[in-house]
Amino acid sequence: MHVNIDISKTAEEQLTKVLGPDLDLAVKEALLINSYRTGRISLGFLTEVLSLPTRFDGQQWLAQRGVPLNYDLDDLEADRETTRRHFHVEML
């Protein structure tokens, strides 16, 4: 898919100075980061769109951009339950 964004030449020049010459990539990354931060897309989806090999690579990509993982108490409890089931470990 291709998306066009209409901005003035002056704005384009300013953004190029700040974000670098590849504004298409900058916009794609901003869309993905915002969508992930707001919970509209998952880490798995972000990883897939960026063609990264693993979710860990997706986590690293986010960390390099200062984006914290969306991980809440429900996620922690699910991980604890998985650990209990697979490793027969009793958690506190």
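Draft legend 1. View of the overall build of the protein chain. Helices and strands together make up the secondary structure of the protein chain, namely 5 helices and 0 strands. Written out in order from the N terminus, the α and β elements of the protein chain read α-α-α-α-α. For the protein chain, whose C-alpha radius of gyration is 18 Å, the value lies well above the compact-globule estimate of 12 Å for 92 residues. A total of 92 residues make up the protein chain; the buried ones form 20% of that total. Considering only contacts in the protein chain between residues 6 or more positions apart, those separated by 24 or more positions represent 27%. In the structure as shown, the protein chain presents an accessible area of about 7400 Å², 56% of it carried by carbon and sulfur atoms. Across the protein chain, 10 positive and 15 negative side-chain charges occur, with their mean positions spaced 2 Å apart.

Draft legend 2. Here's a closer look at the nonpolar core. Core analysis: the largest hydrophobic core is formed by 10 residues, namely Leu32, Ile33, Tyr36, Ile41, Leu43, Leu46, Leu50, Trp61, Leu62 and Val67. Contributing elements (two or more residues each) for this core: α2 (23-37), α3 (43-49) and α4 (55-64). Considering every element that reaches this core, the biggest residue donor is α2, with 3 residues. Excluding anything up to four places from it in sequence, Leu32 contacts Ile41, Leu46, Val49 and Leu50.

Draft legend 3. Summary view of a nonpolar patch on the surface. Where nonpolar side chains cluster on the molecular surface, the patch consists of Met1, Val3, Ile5, Ile7, Leu15, Val18, Leu19 and Val27 and spans about 860 Å² of accessible area. When residues in the nonpolar patch are grouped by element, the largest group, 3 residues, is from helix α1 (residues 9-19). Tracing the backbone through its elements, the reader meets Val18 in helix α1.

Definitions and limits used
- Residues numbered from 1 in each chain as written.
- Predicted model: local features only at pLDDT ≥ 70, side-chain atom pairs only at ≥ 80, totals over all residues.
- Heavy atoms only, no water.
- Helix = DSSP H or I, 4+ residues; strand = E, 2+ residues; numbered from the N terminus.
- Rg over C-alpha atoms; globule rule 2.2 N^0.38 Å.
- Buried < 20%, exposed > 50% of the residue type's maximum accessible area, 1.4 Å probe, protein only.
- Contact = heavy atoms within 4.5 Å.
- Areas by Shrake-Rupley, 256 points an atom, 1.4 Å probe, with all protein chains shown as cover.
- Lys, Arg positive; Asp, Glu negative; His and termini not counted.
- Charge placed at Lys NZ, Arg CZ, Asp CG, Glu CD.
- Core = buried A, V, L, I, M, F, W, Y, C linked by side-chain atoms within 4.5 Å.
- Patch = residues over 30% accessible without salt bridge, like charges linked within 9 Å, V, L, I, M, F, W, Y side chains within 5 Å.
- Salt bridge = Lys/Arg side-chain N within 4 Å of Asp/Glu carboxyl O.

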